[in-house]
Amino acid sequence: TTSKFVIFRVWNYTLQLQHLRPELTNIHHNKQSTMSDEDFDLPTDFPTNIDINNSKPKSPAMPFLKKVMNALNLISYIVVLSTYLIATYSNIGINNLSDEELLNKHPTLLTPNYKSTKFIWGVIFFSQGVFAVAQLWVIRCRDHILLVEGIGPMYILASFAQLIWYVSFAYGMLITSFVFLFGVFVCAVGLLARQYQTFRKAEMKIESNNAADMVVPGTLAQKKEEFVDDGYWLLRFPFGIYAGWISCMIPLMLSIVLSTLEVDVVVLVWVAVMSVALLTGLSMGLLLRKENGLPSYSMPSAIAYFFCGVRVELEAPNDIILAMYDEAYLNLLKNVSAIAAVMLLVTAVSRFGAVYLRDRCMKKEEQDDEYDATAGLDEVDYIQA
């Protein structure tokens, strides 16, 4: 629409100039110019609501919808946080059962230490609380591409599913609880996938060297232009650690359901061991990936923390676990969880160091190339020598 509008105006000006050319020529030769700017009928009704990135008029309903989504994000956070606080710290809990009592009622080989569970949920809710406030009042976060197009309604859906998971688990509806917990997992991972795809599309849009694409908020181009962060701590970290912990709750809840159905102990042991293996493989894949976006540390860190909590809990298991499982099974899970936690932590630290050194070397090479392009030949030869 904008292109057609500009072409039409240019063509109109050309016709006017061709029509006025003889008169202008005569006036020039006679040196008696009496024409003023008011004699030209120039348009003044240019559109003012054209978005140069999308080339489409902005809909007046879009800011209102964005405000509604931001408000719903905050409301969802408050509702889920209130439910967690009631279940964890109140005397009545949910259905007269606290969070700790529910875990003690359904012990498994994958149940982490309760203190570690409270700590990680504290980190998750604190980081999500910062996000919920920032996405309403911090302009850079409120208009960020990872919020507008990346998060979308996924956090609201995850909070709704998490609320039903809490309540159904407290009332003993374990299968329903597992289904909605899986829904939380799908929403959390889907949110991260949407953010990654949005970020990559924005990067590719800028790499196309199209001047109309401009600078997309939250991308590396804006980072280079305006020296701002890419929204990691506000828009990505809270959901990375959230998705990592929820992914650990899936095999835990599955073990609780199978244990309630009185499945054979050997099957429960295999479920626990295979769950540790799958979670470790997922984490290693996120740590060792070489795509744009670099390794993901938050989700593997949460999973490694879960393995540490399992290892600590199995050091002093409760009476139900001791009655159900042989000591060999307990030692197996203790060793497997400890090895997996160490592997992930060592890989994360070494990968972070390798990426940091690589970036420093690349930055040094870019600086050397810029210097070689501007310095004199003799000076370059002297420095190299």
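Residue positions are given per chain, counted from 1 along the sequence in the order it is written. Where local features are concerned, this predicted model is filtered to residues with pLDDT of at least 70; where side-chain atom pairs are given and counted, the filter is 80 or more; whole-chain, interface and lining totals use all residues. Neither water nor hydrogens contribute to the side-chain values; these are computed over all heavy atoms in the structure.

### As for the overall build of the chain
Applied cut-off: Under the scheme used here, helices are H or I runs from DSSP no shorter than 4 residues and strands are E runs no shorter than 2 residues, and both carry numbers assigned from the N terminus. Here the term buried applies to any residue with accessible area under 20% of the maximum for its type, exposed to any over 50%, and partly exposed to those in between, with areas from a 1.4 Å probe on protein chains only. Each accessible area is a Shrake-Rupley estimate made with a 1.4 Å probe; only the visible protein chains count as cover when residues are assessed.
Along the chain, the regular secondary structure elements total 15 helices and zero strands. Of all 385 residues assigned to the chain, the portion counted as buried reaches 39%. When the accessible area of the chain is evaluated, it comes to approximately 22900 Å², of which 64% is carbon and sulfur surface.

### As for the packing of helix 4 (residues 114–137) against helix 12 (residues 298–315)
Stated formally: Note on geometry: axes are lines fitted to C-alpha atoms, helical ones only across the stretch in contact, with angles between N-to-C directions running from 0 to 180 degrees. Here the word oblique covers every angle except those under 35 degrees (roughly parallel), over 145 (roughly antiparallel) and from 65 to 115 (roughly perpendicular). Every residue pair with non-hydrogen atoms within 4.5 Å of one another is taken to be in contact. Polar here means any residue outside two lists: the nonpolar Ala, Val, Leu, Ile, Met, Phe, Trp, Tyr, Cys and Pro, and the charged Asp, Glu, Lys and Arg; Gly therefore counts as polar.
In the contact formed by helix 4 and helix 12, the axes pass within 9 Å of each other and the chain directions differ by 160 degrees. As summarised for this structure, helix 4 and helix 12 are arranged roughly antiparallel, according to the angle between their axes. Facing Tyr114, Ser116, Phe119 and Ile120 of helix 4, the residues of helix 12 in contact are Tyr305, Gly309 and Glu313. Of the residues that constitute the contact of helix 4 with helix 12, the class distribution is four nonpolar, two polar and one charged.

### A look at unusual backbone geometry
Excluding glycine, most residues fall at negative phi; most peptide bonds, likewise, are trans. One non-glycine residue with positive phi stands out, namely Asn95, at about 60 degrees. Assignment of secondary structure puts Asn95 in the loop between helix 2 (61–89) and helix 3 (99–105). Residue Glu262 is not a glycine yet carries a positive backbone phi of 60 degrees.

### Observations concerning empty space enclosed by the protein
Which entries qualify depends on this criterion: Only protein atoms enter the 1 Å grid, on which a cavity is a set of points fitting a 1.4 Å probe that cannot get out and a pocket is an open set with protein on both sides within 12 Å along at least 5 of 7 lines, lining residues being those with an atom within 4 Å of a point. Grid points are joined across faces, edges and corners, and a volume is the space filled by probe spheres set on the points.
Scanning all chains against the criterion turns up three cavities of 30 Å³ or more. In this structure, the largest cavity occupies an estimated 250 Å³ of space. For the largest cavity, the lining is made up of 20 residues, of which Asp99, Leu103, Trp165, Tyr166 and Phe169 are closest to its centre. At the level of secondary structure, the elements contributing two or more residues to the lining of the largest cavity comprise helix 2, helix 3, helix 4, helix 7 (154–170) and helix 10 (232–260).

### Overview of the pattern of salt bridges
Two side chains bearing opposite charge may form a pair once their charged atoms approach each other closely. Formally: A pairing counts as a salt bridge when a side-chain nitrogen of Lys or Arg comes within 4 Å of a carboxyl oxygen of Asp or Glu.
Evaluated as defined, the whole model comprises three salt bridges. A salt bridge links Asp143 to Lys66; the nearest nitrogen and oxygen atoms lie 3.0 Å apart. In this pair, Asp143 is assigned in the loop between helix 5 (139–142) and helix 6 (145–151) and Lys66 in helix 2, connecting sequence segments 77 residues apart. Overall, the relative accessible area of 29% leaves Lys66 in the partly exposed class. The salt bridge partner of Arg358 is Asp359, with a shortest N-O separation of 3.3 Å. By relative accessible area, Asp359 is classed as partly exposed at 34%.

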